[in-house]
Amino acid sequence: MREYLRELNFGQGVDLSRASVNDQYLALARTVRHYLMVRWLETLRRQSEVQAKSVAYLSAEFLLGRQLDNALLAADLTDIVEEGLSGLGIDLDTLRQAEVEPGLGNGGLGRLAACFIDSLATMNVPSIGYGIRYEYGIFRQTFVDGWQVEKPDSWLTLGSPWEFPHPEMAVEVSFGGSVADWEDDDGTVRRRWTPGWSVLGVPYNYMVPGYGNGRVNTLRLWSARATRAFDLEIFNSGDYAQAVRAQTFAENISKVLYPEDSTPQGKELRLQQQYFFVACSLKDFVDQVLPKDFDLTNLPDRIHFQLNDTHPVIAIPELMRILVDEKKWSWDDAWSVVRQVFSYTCHTLLPEALEVWSVELLGRLLPRHLEIIYRINEEFLLGLRAAYPDDELRARRMSIVAEFPERGIRMAHLATVAGVKVNGVAALHSQLLRDKVLHDFAEYYPGKFTNVTNGITPRRFVRLSNPGLSGLITEAVGSDAWVSDLDRLRELEPLADDAEFRRRFREVKAANKRRLVQVLVERDGIELDPDTMFDVMVKRLHEYKRQTLKLLHVVTLYQQITTGALDVEDVTPRTFAFGAKAAPGYRMAKQIIGLINAVGRTVNADPAVQGRLTVAFPANYNVTLAETLIPAADLSEQISLAGKEASGTGNMKFMLNGALTIGTDDGANVEIRELVGDDNFFLFGLTEPEVAEVVESGYHPTSYYETNPHLRHALDLIASGAFSDGDRSVFEPVVSNLLHEDRFLVLADFQAYLDAQARVDAAYADPEAWTRSAILNVARGGFFSSDRSMRDYLDRVWHAHPVPPIS
Ligand code: F55
C-alpha cells in the first residue's frame, strides 16, 4: 500500500483526501503494472535469449474488456489489494467500476483475439499480438425513442494506465506513388516503388499477463502520426493551416474502428488501416524483435504469422516486397519463405463477408503490392492450369483476381494460396469451408485445410465473472487448478446427482440474477424480477443470427395471452433479455432494434402480462455487461440459421456459466450438443443440408404465414401498428422482408422454435432436473477453453511449443 499511496501522490499528484475515484483507479492500475513490470522484462529477456519459435497474432481487432481485475487475478494480488484498500477506506469494487473498457473490436472476432492472447500467455507460448490502437473503439450505443443512436467511444479521455507508448520506436509506412524499372549495380533490372506519402506508426505496448505463471507477453498496438518530413515540407511552404490538416490526415488512420461486422464496406481508409498495422508489425518484427544478424532464410523456424480473417492478408505481399525489393532476394527464394510463415483463419460463411479490394483502389494506394499480387496469381494460375488443363471455369473461380462485378483482389484466395494452413473456427464451419466456400481450393490443396474450434478464456468468463460458481468448482475439484486446466470440470459430473450440490448451484445462479438486477437498475433504470427465467440473447444484430425469431416468440406469447388463447397462469414467467449493436449503416438491423424496443415498451406496460413477460434491452452491450449478464442466464439463445454462424463464442460462455442452450445445429452448437447430450440441449430447426434443399427448391415464406395461425397472428400484430401507436408504416419493412424475402428462413423455423420453447418450459418446471442439466453443461464444457484452442493451433498450424520459465 506504500506503493499505492506513492502512485497516488507522485503519479496522480493528489493526496488521498482529495483523490477522485478515477485518481484512485489510475493509481491502483499503475501499482499493479509496476508489480508486473519485472516479470515483463524477464519474459522479454528470456525470449530474446532462447530464440524459440514464436507466434505473431495479427488482428485488426482486440476486444480486451477491462484490464484491472484480470491483471490482479493473474498476479494473485486480488486479496492483498482488497484488504489494503479497505484499510484506506477504499472499496476495490468501486475502482473496478471506474475503468472504461477498451472496446477495440466489433464482436466475436475481436473478443476471440483477446481470449487467445490470454491463453498464449497462460500457456507460456512465446507470442506477440499486433493490432491497431484506435482512438475511438466500437461506438457507444444509446436509444432514442427505442432507435439506436451511436455516440463516440472516447475510451482514452480519462487516462489509459495500461499502455506504454514508445514514440522513439516509431516506424515509417508508405502509401501511393508509382513503380518503375531501375537497374541495380550489378545490372539486374528491378522494380522500384517511389511512394507518394508516408506516416509514422508509434507502438503502444500492453502487458498480457499469464495466469499465475509469472509470464507477461506483449500486445503491440500501432497509432498513426504524421512524419516529420510531412510536417516540415508544408511548414516550410508557410501554410500553417495546411500543415495542421496534413497532420490530421495522417492521424486519421488509427482514429476509429470500423463498426462494420461481417459486411466489409471496401472503404479506402479501411485498407489504409490494414496496411498500416501490418507494415508496422512486419517491420517491427524483422528489425526489432529478431536479432540484428538474423538470417531471414530461417524465418520459418522463428515465427508463424496468424492472420485473423482477411484483414491482415496484405502482410503477404508486404513480406514479398521486403524480401525482393529491400533485401534483394530472388522472387523464388522469397516466395519459398513467405509460403511457410503465414496461416489464415476464416471466420465466416457469408459470401458477402469475404473481402475483395477493388484493383483501382489497391493500385492507387499500394501500387507495388498490386504488382506482387498479380505475379503471385500468375504463378498460381500456371500451376492450376497444369493440374486442370481444360478447366478454364475453375481457374476463373479460383483466381485471386476477380473480374466481376469489377476487377478486384480476393483476399481470402490470396491467403489460401500463400498460407501454410487455412482453418475454420468450428467443426461444421471447417467442413462447409472445404465443401462449399473454398471447395476448389480444398481439392487443389488437400492438406491445407484444418479445423480449430474456438474457445474462451476461463479466467475472465468464469473465474472473474462468476465468483460464486468458481468457489463451488474449486471446492468440488479440491483446488483452483481448473482455472488453467478446464478439463478438470469433468469432476463435477457426479455432483449433478447430489441434491445438496444442486441446491448450492441454484443458490449461486439466484445470486447472479440478483446481481444483474441490481446492475441493470443502476446502469439503465431497468427493473427486473429475479424470480423469473432469464432467457438471454446477446450478440451483434444481424439478420442471419435471427433476433427476429426470438422476437416472434415473445410476440406470439403476448398475443396469445392478451387474446385469451393462453391462460396467463400457464405461462412460465420469463425475462427476455437482448443485447445487440447494429452496424450504423445496416438499415434492417436498426429497424429490428427499434422493433425489439417497441415490443418491449408495449409488453412491459401491459398489466395483462405483468409478472409473466418482461423484455429487457439494455443499451450498449459490451464485454463488461457480458460479464454480469451471462452468469445470470438460465437459457442461452443460439438460433442462427444452420450453416451461417461460423462458430459463436457466446454459446460457450453461457454453457460454462450453467445456462442451457436452445439452439440450431450451427457453428459450435453442434459440438456443444455432442458434449452435453440431447437431454441437456434444446435443439430445433432445419439442418444445413435441409436449408440448402429448401433454398434450392424455392423458398416461399408466405406459405408459412398462410398455414401457421400463430405466425400469422404475430406478424399481423406487428403490421397492425400495435407496437407503434397504430402507425402501420413504422415496422412495415421488417414484416414485408420476412414475408417476401426472409433470406435466413425465420418463418421456416418458427414452429420448430415454438415447440422447442415449450420443451424449455416443461423442463424449467422441474428445478431439480433443470439444475442437473445446468451442472452437466458446466462439467462437460472444459473443451471450450481457449487454452485447448491454443493447443490445437500449436499442434496443427504453428508447430511451436510452450517455453516454460526456469524457476
Ligand atoms: C469484423 C469486420 C469485418 Cl469487415 C468482417 C467481420 C468482422 C467480424 O467481427 N466478424 C466476426 O466477429 N465473426 C465471428 O467470429 C467469431 C470468432 O471466430 C465466430 O465465433 C462467429 O461465428 C463469427 O461470426
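Remember, predicted model here, so these are calculated numbers, not experimental data. (Residues numbered from 1 in each chain as written. Predicted model: local features only at pLDDT ≥ 70, side-chain atom pairs only at ≥ 80, totals over all residues.)

(A) Representation of the sheet that holds strand β21 (residues 574-579). Strand order in the open sheet formed by six strands is β22-β21-β20-β23-β24-β25, and the pairing between neighbours is parallel. For this open sheet the edge positions go to β22 (613-616) and β25 (682-683), each flanked by a neighbour on one side alone. Inspection of the sheet shows strand β23 (residues 635-638) paired to strand β24 (residues 660-663) by four bridges, in the parallel sense. Residue pairing for β24: Leu635 is matched across the bridge by Leu660. Strands β21 and β22 of the sheet are contacted by helix α23 (residues 587-605), whose axis makes an angle of about 140° with β22. (Pairing = 2+ DSSP bridges. Helix = DSSP H or I, 4+ residues; strand = E, 2+ residues; numbered from the N terminus. Contact = placed C-beta atoms within 7 Å. Axes fitted to C-alpha atoms, helices over the stretch in contact; angles between N-to-C directions.)

(B) Structural view of the domain arrangement of the protein chain. What the domain assignment lists for the protein chain is domain 1 (1-50 + 68-100), domain 2 (51-66 + 101-454 + 792-798) and domain 3 (467-784). Using only C-alpha atoms to locate each centre, domain 1 and domain 3 end up separated by 38 Å. (Domains from an automatic or database assignment.)

(C) Layout of the pairing of strand β13 (residues 303-308). Among the six residues in β13, six count as buried, and that is most of the element. Across the two faces of β13 the burial is the same, with Ile303, Phe305 and Leu307 and His304, Gln306 and Asn308 all buried. Alignment of β13 against strand β14 (residues 342-345), held across four bridges, turns out to be parallel. When the bridges of β14 are listed, Leu307 appears paired with Tyr344. (Buried ≥ 20, exposed ≤ 12 C-beta atoms within 10 Å, placed from the backbone.)

(D) Local environment of the site of the ligand. Surrounding the ligand, one finds 20 residues, the nearest of these being Gly108, Leu109, Pro264, Ala646 and Ser647. When grouped by side-chain class, the residues that make up the shell around the ligand number six nonpolar, 11 polar and three charged. Both domains that meet at the shell around the ligand, namely domain 2 (51-66 + 101-454 + 792-798) and domain 3 (467-784), each give it at least three residues. (Near = placed C-beta within 6 Å. Nonpolar A, V, L, I, M, F, W, Y, C, P; charged D, E, K, R; others polar.)

(E) Here's a closer look at helix α1 (residues 2-11). Of all the residues in α1, the buried ones are Tyr4, Glu7 and Leu8. Seen along its axis, α1 keeps its buried residues to an arc of 95°; they face one direction. Exposed and facing more than 90 degrees away from the buried side of α1 are Arg2 and Phe10. At its buried positions, α1 is contacted by α2 (21-50) and α4 (78-87). Phi turns positive one or two residues past the end of α1, at Gly13, with a value near 70°. (Arc of directions from axis to C-beta.)

(F) Up close: the packing of helix α9 (residues 268-289) against helix α11 (residues 315-326). As a packed pair, α9 and α11 sit with axes 10 Å apart at the nearest point and diverge in direction by 45°. If you check the angle between α9 and α11, you find them oblique. For the element pair α9 and α11, the recorded crossing hand is right-handed. Contacts from Val278, Ala279, Leu282 and Val286 in α9 reach Ala315, Glu318, Leu319 and Ile322 in α11. Considering only residue class, the contact of α9 with α11 consists of seven nonpolar, no polar and one charged. (Parallel < 35°, antiparallel > 145°, perpendicular 65-115°, else oblique. Left-handed = near helix turned anticlockwise from the far one by under 90°.)

(G) Spatial organisation of the sheet that holds strand β17 (residues 408-410). The three strands lie next to each other as β15-β17-β16, forming an open sheet whose pairing is antiparallel. Lying at the two open borders of the sheet, with one neighbouring strand each, are β15 (356-358) and β16 (401-402). Pairing geometry for β15 and β17, over three bridges, is antiparallel. Within the sheet, the bridge partner assigned to Val356 lies in β17 and is Arg410. Here helix α16 (residues 411-418) sits on the sheet and contacts β15 and β17; the angle it forms with β17, its principal contact strand, is near 45°.

(H) Looking closely at the UniProt feature "modified residue: N6-(pyridoxal phosphate)lysine" (unreviewed entry) in the protein chain. Those residues carrying the UniProt feature "modified residue: N6-(pyridoxal phosphate)lysine" (unreviewed entry) are Lys653 in this numbering. Residue classification places Lys653 among the buried residues on the basis of 30 C-beta atoms within 10 Å. Beyond its immediate sequence surroundings of up to four residues, Lys653 is in contact with Ile456, Phe461 and Ile630. (UniProt positions renumbered as here; feature names shortened; annotations may be inferred.)

(I) Broad picture of α2. With 30 residues, α2 should cover 44 Å at 1.5 Å per step; its first-to-last C-alpha distance of 43 Å lies within 8% of that length. At Leu36, α2 shows its largest bend, some 35°. On its buried face, α2 sits against α1, α3 (68-74), α5 (92-98), β11 (197-209) and β12 (216-226). Remark: Gln51 follows α2 within two positions and exhibits a positive phi of approximately 55°. (Expected span 1.5 Å × (residues − 1). Bend = angle between axes of the 7 residues up to and from the residue.)

(J) Representation of the pairing of strand β1 (residues 54-58). Where burial is concerned, most of β1 is hidden: five out of the five residues are buried. Burial along β1 is two-sided: the face carrying Ser54, Ala56 and Leu58 and the face carrying Val55 and Tyr57 are both buried. Pairing analysis gives five bridges linking β1 to β13, with the strands arranged parallel. Bridging across to β13, Ala56 finds its partner in Phe305. Where β1 lies against strand β4 (residues 127-132), four bridges are found, and the strand directions are parallel. Note on β4: the bridge partner recorded for Leu58 is Tyr130.

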